[in-house]
Amino acid sequence: MSLHLSHDFGVWVAALLTLFIFSFLYKDNPFYKFAEHLFVGVSAGYYIILNFWTVVVPNLWDPLLQVFSGRAGAPFAASLGDYRGWLLLPGLLGLLLFTRLFGRIGWLSRWSLALIIGVYAGLKTTGFAQGDFVAQLQGSLQPLWGRGLAADLSAVVFTVGLISSMLFFFFSREHKGALGAVSRVGIVFLMVSFGAGYGYTVMSRVSLLIGRFQYLIGDWLGIR
Amino acid sequence: MGALRSLEKLDRRWIFLVVGLLVLFPLLWPLDLPLYVSPPVQAYHDAIAELPDGCTVLVSCDYDPASRPELVPMTETTLRQLFDKRCKVVATVLWNGGAGLVDQVLRGVGEEKQRVYGVDYINLGYKAGNEAVMVLMGQGIASAFPRDNSGLPTRGFPIMREVRDYSSFPLLVSISAGYPGTKEYVQQVQGRFHIPMVAGVTAVSAPEFYPYLQTGQLRGMLGGMAGAAEYEKLRREKGTATQGMDAQSMAHVFIALCIVLGNVVQWTRRRRDAA
């Protein structure tokens, strides 16, 4: 095992900032504060510029510039399949969002918000109905016997889990008697699902730690 | 009993230190712990293996550098498997911060497998609009992405001559870290256009995709670093995911031990308080 320290200035900056952030695990300190503030500031600036160049310029500014500079046909030739001139409308609605900064005309931003919410509610509703509701309902209707012992057992456990978990969320009657017993079974299934979720979350967070350590060991220290 | 009492007042920084050491040492001195391939990972591999050679596949990489340790290894292995089958790859990105990283990964694997940009693979880059872009792609990939990641007209590339809409792809590979990503592709694309789909996701989001596996909406799935490592094992590769799995296992064993000990300490304290 040998050490091959990186000669890249950027790698050193990233490695030191990683160590600064890790130092918080011992206690809050000026190095951590510096790295935290730097991260917040750089991220905010980076994403503002990134959004300007990857959202506003290619989707609004460039098409409008082409159309109104006479380089690309008539401005409102929708009948020819060219809708670029009409981009003035979403551009205007985008600007209206900023009226929230000016108290008295702030209500104008609601027009844009109404459009955004309307479009996404429509997309989400149809998507959920097709992809989740109907498909999951179909998938839940499983034959309980006739497919071999393992598959049958799995289907029974699945059905018991499904029904008992759903009944746990039935709040129109007090959870006593038969309903209480079934709800308690539902709790067991829910606890198992929370446990699986927790395990996966731990794996995700440890993966991030491993990624940073791999960077420090490999890219920065060059240990081979 | 004295040891359990001292655990009640244990400074949590000792736990951080032990987790750190348990992650660090296996990375320096690998333990080569056994790794078993789970059915969703096998199904993911098989879905790609069963594709006709030379077909064009849509790979949507919806993540940013924050998910790099989990999702980049699975993206690289997926691209290698596709390129080995001489499949063409059309890549898209719906996360603004991820376009540069995805480009780096695509070009890296493309160069390694001696594939030509624009002929064998293309990075259509980032497009704002989330689900709206997914629906728009159903009307035409080139209409949704008129320019590639470098700003060149998409229609000018040879690979795009065979690509119209979702019907041009026998498989959609969604590698995602959250919204917009796999869930939205299942809802907006798989449900609507009935295109076969596999997914690679971060571990934290993996449990919510198991119902899609059960219904067949997803043909296969890679969940987090473990999924990526299992996939690497199937492909006989030893990437960063495989290298990280010893550390992952050690950290998990320690955290499980902490949970058991924490419960024992809590239980004894309750008994002591009740007495």
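It should be emphasised that the depicted structure is a prediction, and the values quoted were computed from it without experimental measurement.

S.K.: Tell me about the overall build of chain A, residues and numbers included.
M.R.: Counting its secondary structure elements, chain A contains six helices and zero strands. Its helices and strands taken in sequence order, chain A reads α-α-α-α-α-α from the N to the C terminus. Taken over C-alpha atoms, the radius of gyration comes to 28 Å for chain A, far larger than the 17 Å a tight globule of 224 residues would show. Taking the principal axes of the C-alpha coordinates as reference, chain A spans close to 70 × 65 × 45 Å. With 224 residues in all, chain A has 6% of them scored as buried. When contacts within chain A are restricted to residue pairs at least 6 apart in sequence, those whose partners lie at least 24 apart make up 29%.

S.K.: Summarise the packing of helix α1 (residues 9-22) of chain A against helix α2 (residues 30-68) of chain A; cite the residues concerned and give the values.
M.R.: Residue and element names in this part refer to chain A. In contact at an axis separation of 7 Å, α1 and α2 are set at 120° when each is read in the N-to-C sense. In terms of orientation, α1 lies oblique with respect to α2. In the packing of α1 onto α2, the handedness of the crossing is left-handed. Contacts between α1 and α2 involve Leu-17, Phe-20 and Ile-21 from the first element and Phe-31, Tyr-32, Phe-34 and Ala-35 from the second. By residue class, the composition of the contact of α1 with α2 is seven nonpolar, no polar and no charged.

S.K.: Kindly report on helix α3 (residues 39-49) of chain B, identifying the contributing residues and their values.
M.R.: Residue and element names in this part refer to chain B. Within α3, burial applies to Pro-40, Val-41, Tyr-44, His-45 and Ile-48. Down the axis of α3, the smallest arc covering the buried residues is 140°, so these residues share one side. Every exposed residue of α3 that faces more than 90 degrees away from the buried side is listed here: Pro-39 and Ala-49. Looking at the buried residues of α3, the elements they touch are α4 (68-84), β5 (197-201), α9 (210-215), β6 (221-223) and α10 (224-234).

S.K.: How would you explain the interface of chain A and chain B if you had to name every residue and give the values?
M.R.: On the chain B side, the residues contacting the 36 residues of chain A number 43 residues. Those elements that provide at least two residues to the side of chain A that touches chain B are α2, α4 (109-140) and α6 (177-220) of chain A. Per-element tally for the side of chain A that touches chain B: the top contributor is α6(A), with 17 residues.

S.K.: So what about the pairing of strand β2 (residues 88-93) of chain B? Which residues, and what values?
M.R.: Residue and element names in this part refer to chain B. Of all six residues in β2, six are buried, a share of seventy percent or more. Both faces of β2 are covered, namely the face carrying Lys-88, Val-90 and Thr-92 and the face carrying Val-89, Ala-91 and Val-93. Where strand β1 (residues 56-62) and β2 come together, five bridges link them in parallel fashion. Bridging across to β2, Thr-56 finds its partner in Lys-88. On the question of chirality, the crossover connecting β1 to the parallel β2 by way of α4 is right-handed. Of the strand pairs in this sheet, β2 and strand β3 (residues 121-126) are connected by four bridges, and their pairing is parallel.

S.K.: Got a sec to walk through the sheet that holds β5(B)? Specific residues and values, please.
M.R.: All names here are of chain B. The strand order across the open sheet formed by six strands is β3-β2-β1-β4-β5-β6, and the pairing between neighbours is parallel. Sheet topology places β3 and β6 at the edges, where each strand pairs with a single neighbour. Strand-to-strand twist across the sheet, computed as the mean angle between neighbouring axes with direction ignored, equals 15°.

S.K.: Before we move on, can you summarise the pairing of β1(B) with the specific residues and values?
M.R.: Residue and element names in this part refer to chain B. Burial of β1 is extensive: seven of the seven residues sit out of reach of the surface. Burial along β1 is two-sided: Thr-56, Leu-58, Ser-60 and Asp-62 and Val-57, Val-59 and Cys-61, pointing in opposite directions, are all buried. The pairing of β1 with strand β4 (residues 172-176) spans five bridges and is classified as parallel. Of the residues in β4, the one forming a bridge with Ser-60 is Ser-174.

S.K.: Explain the nonpolar core to me, using residue names and the numbers behind them.
M.R.: Residues and elements named next belong to chain B. By size, the foremost hydrophobic cluster in this structure holds 78 residues, and its most contacted members are Val-57, Val-89, Ala-91 and Met-221. Per-element accounting of this core gives the leading share, six residues, to helix α5 (residues 99-112). Shared between two domains, this core takes at least three residues from each, and those domains are domain 1 (2-30 + 246-274) and domain 2 (39-237). Beyond its immediate sequence surroundings of up to four residues, Met-221 is in contact with Pro-40, Tyr-44, Val-198, Ala-199, Val-201, Phe-209, Leu-213 and Gly-227.

S.K.: With reference to specific residues and values, describe unusual backbone geometry.
M.R.: Residues and elements named next belong to chain B. Residue Pro-180 is reached from Tyr-179 by a cis peptide bond, and omega for that bond is -10°. The residue Pro-180 is located in the loop between β4 and α8 (182-193) in this model. The phi dihedral of Gln-114 is positive, around 55°, even though this residue is not glycine. Tracing the sequence through the fold places Gln-114 in the loop between α5 and β3. We classify Gln-114 as exposed; it has 8 C-beta atoms within 10 Å. The phi dihedral of His-194 falls on the positive side, at around 55°, and the residue is not glycine. Along the chain, the position of His-194 falls in the loop between α8 and β5.

S.K.: Break down the confidence of the model for chain B for me, with residues and values.
M.R.: For chain B, per-residue confidence averages 94 on the pLDDT scale, and residues scoring 70 or more make up 100% of the total. With a pTM of 0.92, the predicted complex shows an ipTM of 0.91.

S.K.: So, the domain arrangement of chain B: which residues are in play, and what are the values?
M.R.: Domain annotation for chain B reports domain 1 (2-30 + 246-274) and domain 2 (39-237). Between domain 1 of chain B and domain 2 of chain B, the C-alpha centre-to-centre distance is 39 Å.

S.K.: Quick one: what's the story with the environment of B:Ile122, residue by residue and with numbers?
M.R.: All names here are of chain B. Mapped onto the secondary structure, Ile-122 falls in strand β3. Separated by 59 residues in the primary sequence, Ile-122 and Gly-181 have C-alpha atoms spaced 19 Å apart. Not counting chain neighbours up to four residues away, the residues in contact with Ile-122 comprise Val-90, Ala-91, Tyr-117, Asp-148, Phe-157, Ile-159 and Met-160.

Parameters at a glance
- Residues numbered from 1 in each chain as written.
- Chains lettered and ligands numbered in written order.
- Predicted model: local features only at pLDDT ≥ 70, side-chain atom pairs only at ≥ 80, totals over all residues.
- Helix = DSSP H or I, 4+ residues; strand = E, 2+ residues; numbered from the N terminus.
- Rg over C-alpha atoms; globule rule 2.2 N^0.38 Å.
- Buried ≥ 20, exposed ≤ 12 C-beta atoms within 10 Å, placed from the backbone.
- Contact = placed C-beta atoms within 7 Å.
- Axes fitted to C-alpha atoms, helices over the stretch in contact; angles between N-to-C directions.
- Parallel < 35°, antiparallel > 145°, perpendicular 65-115°, else oblique.
- Left-handed = near helix turned anticlockwise from the far one by under 90°.
- Nonpolar A, V, L, I, M, F, W, Y, C, P; charged D, E, K, R; others polar.
- Arc of directions from axis to C-beta.
- Pairing = 2+ DSSP bridges.
- Right-handed = clockwise from strand over helix to strand, strands pointing away.
- Core = buried A, V, L, I, M, F, W, Y, C linked by C-beta atoms within 7 Å.
- Domains from an automatic or database assignment.
- pLDDT = per-residue confidence, 0-100.

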